[in-house]
Amino acid sequence: MMALRIGFLGTGFINQIHATAARHSGADLAAVVNHRPESLAAFAAKHDIARRYETVEALLRDGGVDGIVIGTPNVLHARQAIAALEAGVGVLVEKPMAITPDECAAMVAASERSGAPLMVAHCWRFDDEVRWLRDQAALIGPIVRTKSYGVHVRWGPSGWFTKRALAGGGALADMGIHAIDTTRFLLGDPEPVSVYARIGTFYGDYDVDDTGLVLVNWAGGVSSVIEFGWWQPQSDGVAAATQLYGHDGLASLFPTQILYTGPADRRPAWSDPGFVFPRVEHVPQSLYDRQMAHFLDCLKTGAAPAPGGREGRANVKIVAAAYESARSGQVVEIA
């Protein structure tokens, strides 16, 4: 059986990781797209990619790819994804899926029209500890509230990440969305009902945010606090760390454990406060390998990716509502 042919849009840090994952999964690294000749040549040489293009349109005219990975500035995601989907080419697009919920809806519609799969790279859904905690969270009874983190401590990105015209937002769109999606996944993907946010720029000379708090109210009654930022002096948790406060205890992600406070006859063995999952590397390559393997499987079988466009759009709706709330100072209802 021929290997699936994958093209890469963008040659930055994240697509280096995706290209490695594709090779680990047995894909054919078929093509790469970038408007900068030096970066294009370096990426192609490193990953032994023969076909090189300046635009996605040129790649799609030539054909010969089964799927593409979009790791370009956020403002390009919707246009590039729709072009590929309309050509019948599957898409794995980096988070955030797009700048606006309307762009996300257009991407979903393009996927539904052509039948080509659309997957959003919310990578923490492929972490073993995240999946374990989601499966065990019922042990602490009904969830009351959650808290999660998307924080860079004493560090922040540069380049297009710090330009509103290219990124659409700052630390919220970059790191806060990791915490939002991880929280939503752990809760079983409820729909957001309302958002209140305080967002600002305190640590850098750019036109995007680097600090903020978001409060999300979910269908079903759970409330979530998300802390995010760049260049923060300290964080109470690593990226995507989350606490679920339940009626009968606490389910904690990073460190991953269950602290059970309910009836003794239902106490799980791993609720001992001294038990913590061993973790050598916080963001291992294996996380991206599993994500890529799922994307390739969807290309082969026609199965719907998870997370797909609907999950990605829910997160973008929260991000957009948070920016609106920060501007207005009001709670924003989400339709």
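In what follows, the structure referred to is the one given above.
(A) Structural context of the sheet that holds strand S5 (residues 90-94). An order of S3-S2-S1-S4-S5-S6 is seen for the six strands of this open sheet, with the pairing classed as parallel. Lying at the two open borders of the sheet, with one neighbouring strand each, are strand S3 (51-53) and strand S6 (118-121). For this sheet, the mean inter-axis angle between neighbouring strands, taken without regard to orientation, is 20°. As defined by bridge partners, S5 adjoins S6 across four bridges and the pair is classed as parallel. By the bridge assignment, Val 91 is partnered in S6 with Leu 118. Packing of helix H1 (residues 13-24) onto the sheet brings it into contact with strand S1 (5-9), strand S2 (28-33), strand S4 (67-70) and S5, and relative to S1 it is tilted by some 175°.

(B) Fine view of the layout of surface pockets. When its volume is computed, the largest pocket comes out at roughly 1,200 Å³. Every residue lining the largest pocket is counted, 49 residues in all, and those nearest its centre are Phe 13, Ile 14, Gly 71, Trp 160 and Phe 161. Considering each element in turn, the lining of the largest pocket owes the most residues, four residues, to helix H8 (residues 171-186). Quantified by volume, the second largest pocket comes out at close to 270 Å³.

(C) Examining helix H10 (residues 309-328) more closely. When the terminal C-alpha atoms of H10 are compared, their 28 Å separation across 20 residues agrees well with the 28 Å that a helix rising 1.5 Å per residue should span. All of the buried residues in H10 are Gly 309, Gly 312, Ala 314, Asn 315, Val 316, Lys 317, Ile 318, Val 319, Ala 321, Ala 322, Tyr 323 and Ser 325. Contacts from the buried residues of H10 go to helix H5 (101-114), S6, H8, strand S8 (192-200), strand S9 (211-218) and strand S14 (332-333). Residue Gly 329 follows H10 closely and has a positive phi angle near 75°.

(D) Molecular detail of unusual backbone geometry. Residues Lys 95 and Pro 96 are joined by a peptide bond in cis, for which omega reads -15°. By secondary structure assignment, the location of Pro 96 is in the loop between S5 and H5. A cis amide bond, omega 10°, links Ala 306 with the succeeding residue Pro 307. The backbone phi angle of Asp 189 is positive, close to 60°, even though this residue is not glycine. Inspection of the secondary structure assignment puts Asp 189 in the loop between H8 and S8. Phi at Ala 240 is positive, roughly 75°, even though this residue is not glycine. Within the element layout of this structure, Ala 240 appears in the loop between strand S10 (223-232) and strand S11 (242-246).

(E) Seen up close, the pairing of strand S12 (residues 249-253). Among the five residues in S12, five count as buried, and that is most of the element. Neither face of S12 is open: one carries Gly 249, Ala 251 and Leu 253, the other Leu 250 and Ser 252, and all of them are buried. Direction of pairing for S11 relative to S12: antiparallel, over a ladder of five bridges. Along S12, the bridge assignment pairs Gln 243 with Ser 252. Following S11, the chain reverses through two residues before pairing antiparallel with S12. Note that S12 and strand S13 (residues 257-260) share four bridges and pair antiparallel. Across the sheet, Ala 251 pairs through a bridge with Ile 258, a residue of S13. Connecting S12 to the next strand, S13, in antiparallel fashion are three residues, including Phe 254 with a positive phi near 65°.

Basis of the calculations
Residues numbered from 1 in each chain as written. Predicted model: local features only at pLDDT ≥ 70, side-chain atom pairs only at ≥ 80, totals over all residues. Heavy atoms only, no water. Pairing = 2+ DSSP bridges. Helix = DSSP H or I, 4+ residues; strand = E, 2+ residues; numbered from the N terminus. Axes fitted to C-alpha atoms, helices over the stretch in contact; angles between N-to-C directions. Contact = heavy atoms within 4.5 Å. 1 Å grid on protein atoms, 1.4 Å probe; cavity = no way out; pocket = protein on both sides within 12 Å on 5 of 7 lines; lining within 4 Å. Points joined across faces, edges and corners; volume = space filled by probe spheres on them. Expected span 1.5 Å × (residues − 1). Buried < 20%, exposed > 50% of the residue type's maximum accessible area, 1.4 Å probe, protein only.

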